[in-house]
Amino acid sequence: MSYPMVHLKVAYGLLLRYGDGWIERPGDFLLGSVAPDAVHFHDRYDVSLKEKSHLWEFGPRWGITVDSEGWLEAIRKFWKENQSVGNRDFMAGYCTHLLTDWENDRCIWTPFREKMMQGADLDEVYGQYAAKAYGIDQWLYQNDRESPEIWRLLEQGQICGVEGCILKEDLARQKQSLLYEQFVGKAVADVSGYRFCTKEIMERFMETCVEKICREIGDFYE
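Below: a short report on this structure. (Residues numbered from 1 in each chain as written. Predicted model: local features only at pLDDT ≥ 70, side-chain atom pairs only at ≥ 80, totals over all residues. Heavy atoms only, no water.)

**Quick word on the overall build of the protein chain**
Thought 1: Of regular secondary structure, the protein chain possesses nine helices and zero strands.
Thought 2: For the protein chain, the N- to C-terminal ordering of α and β elements is α-α-α-α-α-α-α-α-α.
Thought 3: Along the first, second and third principal axes, the C-alpha atoms of the protein chain reach 50 × 40 × 35 Å.
Thought 4: When the 222 residues of the protein chain are sorted by exposure, 53% land in the buried category.
Thought 5: Sequence-distant contacts in the protein chain: of pairs separated by 6 or more residues, those separated by 24 or more amount to 74%.
Thought 6: With the model as given, the accessible surface of the protein chain reaches about 10700 Å², and the carbon-plus-sulfur share is 49%.
Thought 7: Separation between the mean location of the 26 positive side-chain charges and that of the 37 negative ones in the protein chain comes to 2 Å. (Helix = DSSP H or I, 4+ residues; strand = E, 2+ residues; numbered from the N terminus. Buried < 20%, exposed > 50% of the residue type's maximum accessible area, 1.4 Å probe, protein only. Contact = heavy atoms within 4.5 Å. Areas by Shrake-Rupley, 256 points an atom, 1.4 Å probe, with all protein chains shown as cover. Lys, Arg positive; Asp, Glu negative; His and termini not counted. Charge placed at Lys NZ, Arg CZ, Asp CG, Glu CD.)

Written as C-alpha cells, this is what we have:
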C-alpha cells in the first residue's frame, strides 16, 4: 500500500484545498493520516494487526483484495460511526489513510501484482513493489517543497489510540520514527529509472485521492 510520505501529502493536499476552516487541528489530522500503520511498531507485530487497523477482511490474505467495494463500505461505515467520537480531526486523518490505501490497492498495487504474479511468489512481488514505493517516498521527502511544513505540523499531532485498531504507545513510536529516523540522513533518492511507480504516476495518484476523499468525508466539514 502507500508509504508514509504519500499519505502525508494526500492529507496535506486536503488541508490546502479546504483551508484552516476545514480542520481545526492540522497536526492531529496529519498524524491520523499515518496512524493505521502504527501497528508495524507493535512489539509482536503480525499481519493480522494490519488487517484490523485497516478494517480489511476482504480476501484470502493481506495483499489480495477480492472485494474492493466491501472494503470501501467498511471504511464508510467506520467513518460514519466515528466522525463524532473523540478527536474528530485525528479520525478524519485515519479515514484519509484508509481511503488512500483503498485507492492504491485498486489502481496501483493490484494491477502491478496481477501483471507480475506469473508464477512468482506474492512476497517476492511485493518486495519489488515496496522497493519502488520506498524510493518514491524518499524522493518526495527530499524534493517536495511542502515537506518542512508537513513535518512541522506532524510534530504537533496529538497521539491517540483507536479502540480495536491501534494502540497509543505504538503510534508514539511511529511518530518518533517518522520525525527523527525514517527520513533523516538517507542517500539521495534516484527514481529516474522507475517505470511502474514513477513520480508522474504518484503525483496523479495523490491528486485523485484528494478529489475522492473530499467526496467521502468532506461533507462533514462543510
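**Focus on the pattern of salt bridges**
Thought 1: If you walk through the whole model with that rule in mind, you get 17 salt bridges.
Thought 2: R61 serves as the salt-bridge partner of D123, at 3.0 Å between the closest nitrogen and oxygen. In this pair, D123 is assigned in helix α6 (residues 122-143) and R61 in the loop between α3 (47-53) and α4 (68-82), connecting sequence segments 62 residues apart.
Thought 3: R152 is paired through a salt bridge with E149; the nearest N and O atoms lie 2.7 Å apart. With R152 and E149 both in helix α7 (residues 147-156) and three residues apart, this pair spans about one turn of that helix.
Thought 4: Residue E149 is classed as partly exposed on the basis of its relative accessible area of 28%. (Salt bridge = Lys/Arg side-chain N within 4 Å of Asp/Glu carboxyl O.)

**Focus: the packing of α4 against helix α5 (residues 88-116)**
Thought 1: Where α4 meets α5, the closest approach of the two axes is 10 Å, and the angle between their N-to-C directions is 175°. As far as their axial angle goes, α5 and α4 are roughly antiparallel. For the pair α4 and α5, contact is made by S68, E69, W71, L72, I75, F78, W79 and N82 and by M91, A92, Y94, C95, L98, L99, D101, W102, D105 and R106, respectively.
Thought 2: When its residues are assigned to classes, the contact of α4 with α5 shows 12 nonpolar, two polar and four charged. (Axes fitted to C-alpha atoms, helices over the stretch in contact; angles between N-to-C directions. Parallel < 35°, antiparallel > 145°, perpendicular 65-115°, else oblique. Nonpolar A, V, L, I, M, F, W, Y, C, P; charged D, E, K, R; others polar.)

**What about the packing of helix α1 (residues 4-18) against α6?**
Thought 1: Here α1 crosses α6 at 50°, and the two axes come no closer than 8 Å. Considering the angle they form, α1 stands oblique to α6. Mapping the contact onto sequence places P4, M5 and V6 in α1 and D137, L140 and Y141 in α6.
Thought 2: A per-class count over the contact of α1 with α6 returns five nonpolar, no polar and one charged.

**Overview of the environment of W56**
Thought 1: For W56, the location among the structural elements is in the loop between α3 and α4.
Thought 2: Overall, W56 belongs to the buried group, its relative accessible area being 4%.
Thought 3: The contacts of W56, once residues within four sequence positions are left out, are E51, R61, W62, I64, T65 and W71.
Thought 4: Here T65 takes part through its side chain, which lies 3.0 Å from a polar atom of the side chain of W56. (Polar contact = N/O pair within 3.5 Å; in protein donor to acceptor, adjacent residues only side chain to side chain.)

**Here we look at α4**
Thought 1: With 15 residues, α4 extends 21 Å between its outermost C-alpha atoms, agreeing within 8% with the 21 Å of an ideal straight helix rising 1.5 Å per residue.
Thought 2: Against α5 and α9 (199-217) lie the buried residues of α4. (Expected span 1.5 Å × (residues − 1).)

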